[in-house]
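This is what each chain is made of:
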Amino acid sequence: MAPPSRASKHAPPKSVLKPSTQSMKQKSKQVVHAAKSEGLSLQLEDDAPDFPRGGASLLSSGERDKVRSDVNEGDGATIVLRNKKKNEKRGKKLGASTDDDAGSLFGGGITGKLPRYANRITLKNISPGMKLWGVISEINDKDLVISLPGGLRGLVRASDSFDPVSDGEAKMDMEDHILSRIYHVGQLVSCIVLQLDEDKKEKGRKIWLSLRLSLLQKLDVIQEGMVLTAYVKSIEDHGYILHFGLPSFTGFMPKNSENGKGSSFNCGQHVQGVVKRVDMVRKVIYMSFEPDIASKVVMKELKGISIDLLTPGMMVNARVQSTLENGVLMSFLTYFTGTVDFFHLQKSFPSPSWKNDYNQNKKVNARILFVDPSTRAVGLTLNPYLVNNKPPPIAVKTGDIFDHSKVIRVDKGVGLLLEIPSLPVSTPAYVIASDVSDKEAKNFEKNFKEGLRVRVRVLGYRHLEGYAMGILKTSAFEGSVFTHSDVKPGMVVKAKVVAVDSFGAIVQFRSGVKALCPLRHMSEFEIVKPRKKFQVGAELIFRVLGSKSKRITVTQKKTLVKSKLEIIASYVDAVDGLLTHGWIAKIENHGCLVRFYNGVQGFAPRSELLLEPGSDPNSTYHVEQVVKCRVTSSAAASKRINLSFVITPTRLTEDDAVKLGSVISGEVVKVFPLVIVVKVNSKVYTQGTLSPEHLADHQGLAKSMMSGLKPGYIFDRLLVLDTDSNSLILSAKHSLVDSAHQLPSEVAQIHLHSVLHGYICNVIESGCFVRFLGRLTGFAPRSKAVDDPKANPVESFYVGQSVRSYIADVNSENSRVTLSLKQSFCSSMDASFIQEYFLVDEKISKMSSDQCPDWIEEFNIGSVVEGRVIETNKLSVVISFEKHTNILGFITHHQLDGSTLIIGSSVKAAVLDISKSDYVVDLSMKQVFIGRYKEGKSNDDSNRKKRKREVQRELKLHQKVNAVVEIVKENYLVLSIPEFNHVIGYASLYDYNTQKFAKKQFDIGQSLVVTVMEIPSSGISGRLLLFLQSMNEISDVSTSKRKKMSSAYDLGSLVQAEITEIKPLELRLKFGSACHGRVHITEVTDDNIAENPLDHFRVGETLSAIIISKANTSENIRKNYQWELSLKTSLLNGAGEMTAHLNPECFNYSVGQNVTGFVNKVDSEWVWLGISHNVNARLHILDSAYEPSELKEFEKRYSVGKAVSGYILTANKEKRLLRLVMHPLHTADGTQSHEATDIDDPKESVVSHICKGHIIGGRISRILPGVGGVLVQIGPNLYGKVHYTELTDLWSPDPLSQYHDGQFVKCRVLEISPSAKGTIHIDLSLRLTPDRMPSAKSIKSCNDAIENTERIEDIQNVRVEKAVQGYVKNVSAKGCFIMLSRKLDAKILLSNLSGGFVKSPEEEFPIGKLVSGRVVSVEPLSKRIEVTLRNPNSAVSGANDLKNVQVGDIVTGRIRRVEKYGLFISIDHSSIVALCHISQLSDDPIDDIASMYKAGEQVSAKIIKVDEDKQRVSLGMKSAYLIGHSNNTNDLPEEVAEDDVEEIGLSINSMHPVLAEVEARASVPALEVSLDDVESSDMGNLESINIQVSEEHDALDDNKKRRLKKKAKEEKEKEIRAAEERLLEKDIPRSADEFEKLVRTSPNNSFIWIKYMAFLLSLSEIEKARSIAERALKTINFREESEKLNIWVAYLNLENKHGNPPEDAVSGLFHRALQHCDAKKVHIALLGMYERTEQHGLADVLLSRMLKKFKHSCKVWLKRIQWLLTQNKDSDIQSTVKRAVLCLPQRKHTKFLSQTAILEFKSGTADRGRSIFEGILREYPKRIDLWTVYLDQEIRHGDEDIIHALFERATSLSLPPKKMKSLFKKYLEYEKTVGNEERIEYVKAKALEYVENSLA
C-alpha cells in the first residue's frame, strides 16, 4: 500500500481498510437504465469506434450533460445538502466529488473520469444483485459460510446452494443434508447477493447469498474452450449428465476425461469444465474435466459482450491503464474497466514503490472478483493463487502471537503492512491505525519504520485475499482469554451478563468472547426467576465448565467457583485417591452418575453413597447437587471412573479387621424386601447385610424364613462373604458356614480338581458365575454346567443358589477359574443338604411359635399316638388330636394297612414324619410300626434311649441297606428299613446343584438301596438320614475312593468289562468300581482286515480285555474314560508276558511299511485314519487314485469306519502321525523301499513314491500364460509342470481349450530332477498314449509325416527332410522358434516362414500357433534344428520363373527386406526374390538406406543380370535405367554382376552356411542388449570377402579359371574359418554349454550372466534362470559392486514377471539386495522397474518409504516430483517441494529447485516452473547458469512475449562482461531462429550499448 501523494490536500480516510461510513450514491433507476441501454446500443453498432482506453465514454459531450442534468434533478438536493454539511464540518472546500471517495463504486463507462481509489466492497455499498467471488470457510447442516472480498462474511441457505431439477429433488436434498457432500471447505465459488438483513446481535448487516447457477451465468454465448460451471445431475456408466441451472442446455462429461483420472463426483456437486463441443441441435454441451487447462483458459474478446455475461472467477487478459491511490485501474475485454485494490496485487508483500511494478499498458492475467450491474463497477484480482484458481493457503489462526513480525510498508494515517513469520510460508498481515497503539494513533508512522520487528496478535483472517488482520495494542496481549481457543475447562474468569433468558444467561468476556451459563448452573439451588438472579450488565465471577466446538459453558455455583480442589477435565486427570468436586447428573437405584468438567463423567455405586441400608438415593441426593467425591479407580482407555462419597476411607489394623471367611454372630435390626440389616459384634463394622437368598441352602425354606423373620432375631453363625464400604456382606447358608475354612478368597488358594462350595451370582445363556469369598468368581461354561448337553443354564440354576463346583482349570495369569457344575463331578457324598433342611425347618417353627412347642415331645418319630378321624378323602385320612387342636395328622391309604376308617372313629397310629413349621404329622397304622412299642408308653425316655442304642448297635455309618418307600414328600422320601426292625429314615430328593431339576418319580413301596449317612441325634430331632444311590449314578463313590479303586489296575491287567456304549470307532466299557475305558476299533482284532469289526458286539455284553494305556487327566475329563483297552487275541493269550510291548511311547513304523487303518474323518483334501489307539494317519486326495472320475467322488468313496490299507510315506514320531499312499514305494533302481528311519517333512514335498513312467492323479493348479504349459498339483505341496507339447495326444491348434483350473487329470511322470535351489522339478505329460516312433521308410511324403503324433525328444531321431509339427514359441523380425517337444526347439528363418511375402511375422505367426514343416538342417552337437514352412516344390517353380525374365525387363515388386548393402525385392507374379545393390539404387551416394526404403513398399526396377546357375537376379533402380530402358549390361560394375552378398534366393540351399548361421543366431531374441552391431560387423566382413572373390573370378581368363578357382576356394575357406572363430568370440552362445564356457572365462561380467538368464527364460526355464542368478551373485567378486547390482536388477525383473506371487517374490529379493548393495541404488532400481511395468501403487508406496529413508537425497525427491507429474497429481507437488526444502541441506536447495522447475516445464505447468525459477533468481540473481537454464526452458515452451521479457531482464543485469557476452550471444541466436530482422538489430544495438556503457 502506497502512502498518499504529497500533492493531495486530503489524506485518504480510514475507510480504505474499514467499512465505509459513507452511503453509496443512489441514482435514479430510469436514468441508469436509459444510460445502460443507450450505451449498449452504441457498442453493438458496427460503425462504432473502438472503446477508448483510459475509461473514456462513447457519449458525446451533449449526451453527458443531459445525463448529468437528469441525475441532478432527481437527487440534486440531497447531494447539495450533503456537500454543504461536509463543507461546514471540514471548514474548507470539498476537493473532489463523492464519486471518487474510497467507499463508492466506480463504473468508468459513462462519466469518463478516472477514480482516485480502487473499488472495494463494504457493508455500506454492497447491494442485492451484486455478483461476488468467495471461498467456502464453513459448512453447516443448513447453511454455508462464504468469505467474501474485503473480509465480509455471507451466508447461503441450503435451498439456495443449488438449482433443483424439480421440487421433489429439492426436498430430498434438504432432508439428506448433502451440503457437506457436494461442497468442501476452501472451495472457490461464485455467488450473488439476495438480500441484506440487519443483525441486531452483531450490530451489522447479514448478507444472504445464492449459489444458483441460473442467477449467475448465462448461456447466450458458448464457444469451444470456454470454462463453464455445472452441477452433476446424474452419474451414468460412461460419464456424468450435467445441469447448468437453465433449461436451455444440458451437458455431458465423460469419465475418461484427460487429467481427470481418479476424480469422482457426487450428484449435485459443482464441476468446472472446459467446453469441448456444442451440439446446437440437441442442445448438449460436451465438457471435459481438466483442472490444469481450465485454470489457464482466458475469456476471449467478443463483440458486443454485455456485463451480464461477466461471471466472478472468470480469467481475462487485462492491461494496466493507470495506478490509483490504493490500487490499479485496468481495462479488459475491450469494453470494460476494473480496479485492483492493493490486497489483490501480484505480490503478497508490495513494497512502498509497488506502483513501479505496474507500468501503463502492461499486460497481465486477472480474474473478476466482483461485478455490480447497477453501477457497472468491476473488481479484479491479480493474486497468484486466485489467478491459478486456488484459494490462498492458511498458515495462521486467530489469537496467534508472533514476536518477530517485520514491517514491510507504512501507510500514513492508514495502517501497517507486516510480514508474519509463519510456517511453511510467511503470511501478510495488515494492522489498521486504530489497532496500532492503545494511545491516539495520529502520527504512528513516526514510531514505525520499514524493517522494524514488532509483536503482533492475529485478530482475524481474510480467506479470499490471504491476509491476516493484526493488532499491536498492549492490551491485546493481556488477559487470559482472547479467543475461543484460549478458554480452558476449570478456568475462573470474570464476565459481564449481556442477556438472560429462560434457558440461562449469556455472558461476555473482556475480549468479546461469549459463553452460556445454563439455568441449572446459575445457582446452587433451583431458580424460578432467573432475571432476578442475574442483572444485565452485572460483572460476576464464573468458572468454565467446557469449551467444545466454540461453545463455552460456565457455572456460577459457588461451591464450584470457590473450590480449591483439583479438577477433572479429562479421563487422564482421574488419579486414584483424588478429591474433587462434581455435580450429580443422574440418580439410579444402584448408584449416582457424577459429571465433571469438559463432559467427563464418573459413577459412584450405591455402596459408596453413605446411605442407610435399604434407603432410597433420591431421598438423600438430588440432580445437579454439587458433591465432594473421591476417585477410587479409573481407566482412561475405556473412559470409566469409579467414585466414592466416602471422603476418608476407614483404616483398619490387622487386629481390628474382620477377615473374609470368618464366622460371627448378629442380631436382625431391620428387614427390607431385598435385604436384611444385621447388627454385628465387631470393633470396626457395626452392621452387615444379608440377602434373602443367603438365609438357607434350600430355596423354599429361605423364602419361608424370610417371611417369618423379625427384628431381634439372633443369628448364631454368619459367614463374612465380603465388605462393602462400612458394612459387611453376610451369609447364613449352612453349606458355606460349615466349609468356611475351605473357601478361597484368592486364585492362589484354589487347587485344581478340588470340589468347593459356593453360590451362583449370575446366570446367562452361555454359563454360570459362581462366587466364593470376596470378589473371587469362577465361570462354568454351558458345556460344563449340566450333564445334559441340551439343558439351558438359565432354566437349571437360579441366582443365590448354593452349589458344589469342581475346579476344572485355573489360569493364574489372567485370574480366570473354570468350573464344572455337573452332578457327575460335584454330587455331595453326605446328607448335609437334607440335614440343613431339617435344621432350618426347626428354626422356622421356633420363630413362628411364641410359646415353647411342647407338642413336639409327644410326637417323636416312631411313637404311637391316639387321635380322631375328622375327614377322609381320596388321598388320605385327616386326624385331629384332643390335647393339641392345632396339630393335624395325615394317614395315606397305603399306611392304613387295610383298615377302613370313618369320621369320628378313634385310631392309634405310629409317627413317621413331622413338619414342625407346618404343624403337620404323617402317621401309619401298619402293625410293623405300632407293634414295636407298647401302647401308652411311647413317650417314655428310657424306652427312647433304648431304641437309639439298638439302632446304633445294629446300623453303621456308610452301610448300604435296602429300604422301602413309605411316603413321598415334596423334597425328601420317608423310608423304612425292614432288615433293621423297620426303622424309619429320610433321604433327600435333591442335591445342591439339582434344586431346579425335574424331580425323579418314586412309587410307594418301591425298594431302594440307600447308604446310612447320619445316626439319629438330638440335632436332627432323632432322624436317621440316608443317601440315595440314584443321586449319583455316574459317580457312585467319592473322588478319593475312586482314586483308591483305580490305583488297583495297571498296564497289562486283565479285566472283565461290560459294554456300555458302541460308537462308530470305539467301544465304551465299564469295569471294576466306577472305572471306565474304551476299545479303539484297531484293538479289536489282530489283522484289522474285517470290515466293520464292531458290528457283532452288543450293549451289556461282558468281555475280557487287557489294559494297554492310561489316559491323562485332561483327556479323562474331556472323553470321560480312564483306560485304553484291547481285545486282540495275541495280547490276551500272552498277557503276562506282553507288559514290555505295551509301552505307550513305542512308535515302530518305517517308511514303505504296509499298514491298515479305519476312516474316522473325511474332508475335501484328506482322509484321516486311525492306525492304533494313539497313532493316526492321513491320505491325500491325489494319492488315493489316478482316475479323474474317482478323484471327483473322493469324499463319497470313504465312509467313517471303513478299513483302508496303504504304505507309509512319512512318519512323524512327535505328532504320532503317518502319511500314506496307495501304492508301494520304489527306489531309483526299481526295488521296493523299506527305510527304517523316521521322516518328518513338514512341507510334504516327498517324491519317493513317484518314479519315471508312473501314472498318477493330479489337479490343475494354474494355466501358465502363453506357451508356458500347465502347473499340476500332484501332492499336498508338490507340483509338476506339463509342457505345452505334452497337453494332448494329437497335435491340436488350441491344446489348452479342454483344461481349466481345479480340473482333475491323469498324468504320466516323464522326468524327476533336482533344481539349483534344492527343490524337485517334475515333468509331467497328459499324453497317456506312447509316441509312435516311425522308421525312415515309413516317412514317404510330407503329408504322411504330418499325420504323425510323435514328440521328438532325441535329436538323433531328427533327419533332414523329416516332416515335423510344433507350436510357435517366440517371434522376431528375423523369424521364429517353434517347440517340437519339451526338449527340442527349432528355428525358422524369415525367408522360410512362407513362400510369399510376410508383412508382419508377429501377426501371422502368433505365439502358440500350430505349424507344420520339414527339417532343413540338423546340428547334433549344438542341438540346433532348422525348419522351413515353404512348399518343397517352390525351387522348381522358381527355376521356371527364372526362365521367364530377361535382362533389361522393367519389373515391379515389393521390398521384402532392407539391409545395409541393398534391398531384397519380391518380384510380382513370380516366386523370384532379387537383390538391388545399394550402388544401383541411385546416382547419388546413399548414407542411410533404411530411412529411404521400408519393407512392403511397392517399387519398380530393371533387371540387370540373371545368373541361372546360382539362381540369382540382380536389379537396378537408377533413374537412368527406368528412363532409357537400356539392355546393355557391359557398362554395369562388375561388383554388382557377381555380388555374393547374402540374399534370399529361390532355394534355402543357395545361402552360404556361415551366413545362414549368422542369420539363425541373429533371430534369437535377447533379454536387453541388442546384438545388431556384432552381427553387422561380421556380415560386413563376409560381404567384402565374397565381393573380392567374385571380382577376381570375373577378371580371369578361361585358361586360368580352374587353377584360380581352386585357389580362391582355399582362401575362401580360410576366411570363413576366421569368421567362424570371430563369431564364437563375439556372438552370444546359443546353448547352455556354450554359456557355461563363457561364464567360466569371464566370471565377473554381468552382461554374460544376464544373457544366460535371458536364454533360459526364452526356453521357459524359470527355475534354472533363478539358479543362474544365484550363481552369479555368489561368483562375482564382492569388489565388483556395479556388476553385482546389474544382476540384482535383472533378478528383480525376473521375479516381477515370473514370481508367485510377484509382489512377495520381489519384496523378499529386494530385502536381500539391500544387505549386499548400496541401499539407495537398489531402491532407485526397484522404482524404475515399477515405473516401467506401470505398477503405480507399488511405486507410490516405495517412494514414500524412500523419502523417509533418504530424506537428504536430492535425487530421491526429484524422483517423487517426476512421479507426481506423470500421475497428474499436481495438487501434491507444492507440498512435496516444501517438505523437500525442509529436509534437504542448504547446499542442495538450488539444484533441487532448478531441476523441479525443469520437470514442471517438461511435464507439468509452466507457471509453476516460472515461479520456482523466479524464487531462485531472487536469492541468486547473478547465477548465469540459472538464467541460461531458465531461458532454455522458456524457449522450449515457446511464449515469445515471456521469452523477450526474460531476455530483457537478463541482459539488464550488472554482470561481468564474460557472462553478459554469453547472454547476448544466446539472445541473438534466439532472434535469428525466430527470423525477425528488427529484433536481431535490436539485440545487436543493445549489446553495443552495453559495451559502450562498460567502457565509459
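Here's what I pulled together on the structure shown here. Here the residue numbering is sequential within each chain, running from 1 through the sequence in written order. Two thresholds apply to this predicted model, a pLDDT of at least 70 for residue-level local features and 80 or more for giving and counting side-chain atom pairs, whereas whole-chain, interface and lining totals are computed over all residues. Working from all heavy atoms in the structure, the side-chain values ignore hydrogens and water.

### Concerning the packing of helix α45 (residues 1840-1851) against helix α46 (residues 1857-1874)
Next up, step 1: Viewed as axis vectors pointing N to C, α45 and α46 meet at an angle of 160°, and their least axial separation amounts to 10 Å. By the criterion of interaxial angle, the relationship of α45 to α46 is roughly antiparallel. Judged by the sense of rotation from one axis to the other, the crossing of α45 with α46 is left-handed. Two secondary-structure elements touch here, α45 through Glu1840, Ile1843, His1844, Phe1847, Glu1848, Ala1850 and Thr1851 and α46 through Met1860, Leu1863, Phe1864, Lys1866, Tyr1867, Tyr1870, Glu1871 and Val1874.
Next up, step 2: For this classification, the nonpolar set comprises Ala, Val, Leu, Ile, Met, Phe, Trp, Tyr, Cys and Pro, the charged set comprises Asp, Glu, Lys and Arg, and every other residue, Gly included, is treated as polar. Each residue belonging to the contact of α45 with α46 can be placed in one class, and the counts come to nine nonpolar, two polar and four charged. Here, axes are lines fitted to C-alpha atoms. For helices the fit covers the stretch in contact, and angles between N-to-C directions go from 0 to 180 degrees. Helix and strand labels come from DSSP, where a helix needs a run of H or I of at least four residues and a strand needs a run of E of at least two; each type is numbered from the N terminus. What sets the label is the angle itself: under 35 degrees gives roughly parallel, over 145 gives roughly antiparallel, 65 to 115 gives roughly perpendicular, and the rest give oblique. Should the near helix be turned anticlockwise from the far one by less than a right angle, the crossing is left-handed, and should it be turned clockwise, the crossing is right-handed. By definition in these notes, contact holds between two residues if any of their heavy atoms fall within 4.5 Å.

### A short note on the sheet that holds strand β61 (residues 1255-1263)
Next up, step 1: Pairing between strands requires that DSSP locate at least two bridges from one strand to the other. The strand order around the closed barrel built from five strands is β61-β62-β63-β65-β64, with neighbouring strands paired in mixed fashion. Across this sheet, the average inter-strand angle for adjacent strands is 50°, counted without regard to direction.

### Concerning the pairing of strand β14 (residues 363-372)
Next up, step 1: Within β14, eight of the ten residues are buried, leaving the element largely enclosed by the surrounding structure.
Next up, step 2: The pairing of strand β1 (residues 131-139) with β14 spans two bridges and is antiparallel. Its bridge partner being in β14, Lys131 is matched across the sheet by Val371.
Next up, step 3: By the bridge criterion, five bridges tie strand β11 (residues 315-323) to β14 in an arrangement that is antiparallel. Within the sheet, the bridge partner assigned to Met315 lies in β14 and is Arg367.
Next up, step 4: Relative to strand β15 (residues 377-381), β14 is paired through five bridges, and the arrangement is antiparallel. Each residue of the ladder has a partner; that of Val371, found in β15, is Val378.
Next up, step 5: Between β14 and the antiparallel strand that follows it, β15, lie four residues; Arg376 among them carries a positive phi value of about 60°. A 1.4 Å probe rolled over the protein chains alone gives each residue an accessible area, and that area as a share of the maximum for its type sets the label: buried under 20%, exposed over 50%, partly exposed in between.

### Structural notes on a nonpolar patch on the surface
Next up, step 1: A cluster of nonpolar side chains, Tyr1186, Ile1255 and Leu1328, forms an exposed patch at the surface whose accessible area comes to about 240 Å².
Next up, step 2: Classification of Ile1255 by relative accessible area gives partly exposed; the value is 32%. Patch criteria: residues need more than 30% relative accessible area and no salt bridge. Like-charged residues are merged within 9 Å; nonpolar side chains of Val, Leu, Ile, Met, Phe, Trp and Tyr are merged within 5 Å. For the area figures, the Shrake-Rupley method with a 1.4 Å probe applies, and any residue is considered shielded solely by the protein chains shown. Definition used for salt bridges: Asp or Glu carboxyl oxygen within 4 Å of a side-chain nitrogen of Lys or Arg.

### So, helix α33 (residues 1632-1641)
Next up, step 1: Those residues of α33 that sit buried are Phe1635, Glu1636 and Val1639. Angularly, the buried residues of α33 cover 105° about the axis, an arc narrow enough to put them on a single face. Along α33, exposed side chains directed more than 90 degrees from the buried face belong to Asp1633, Lys1637, Arg1640 and Thr1641.
Next up, step 2: Check the buried side of α33 and you find it contacts α34 (1646-1658) and α35 (1662-1675). Our arc is simply the arc of the directions from the helix axis toward the C-beta atoms.

### Section: the packing of aromatic side chains
Next up, step 1: In this analysis, rings of Phe, Tyr and Trp, with Trp reduced to its six-membered ring, are considered paired at centre separations within 6.5 Å, and the interplanar angle assigns stacked below 30 degrees, edge-to-face beyond 60, and tilted for intermediate values. Considering all chains together, one arrives at 33 aromatic pairs under this definition.
Next up, step 2: Pairing Phe343 with Tyr430 gives two aromatic rings, centres 5.9 Å apart and planes at 70°, and the pair type is edge-to-face. Placement of Phe343 in the loop between β13 (336-341) and β14 and of Tyr430 in strand β18 (residues 427-432) is noted, with a sequence separation of 87 residues between them.
Next up, step 3: Taking relative accessible area as the criterion, Phe343 reaches 2% and is therefore assigned buried.
Next up, step 4: Feature note: the residues Phe342, Phe343, Tyr430 and Tyr467 constitute an aromatic cluster, connected by ring pairs.
Next up, step 5: For Lys362, the ring lying beneath its charged end belongs to Tyr358, and the centroid distance is 5.4 Å. Note on geometry: a ring has a charge over it if NZ (lysine) or CZ (arginine) is within 6 Å of the ring centre and within 35 degrees of the ring normal.

Interpretation note: all reported values are geometric properties and have no functional meaning in isolation.
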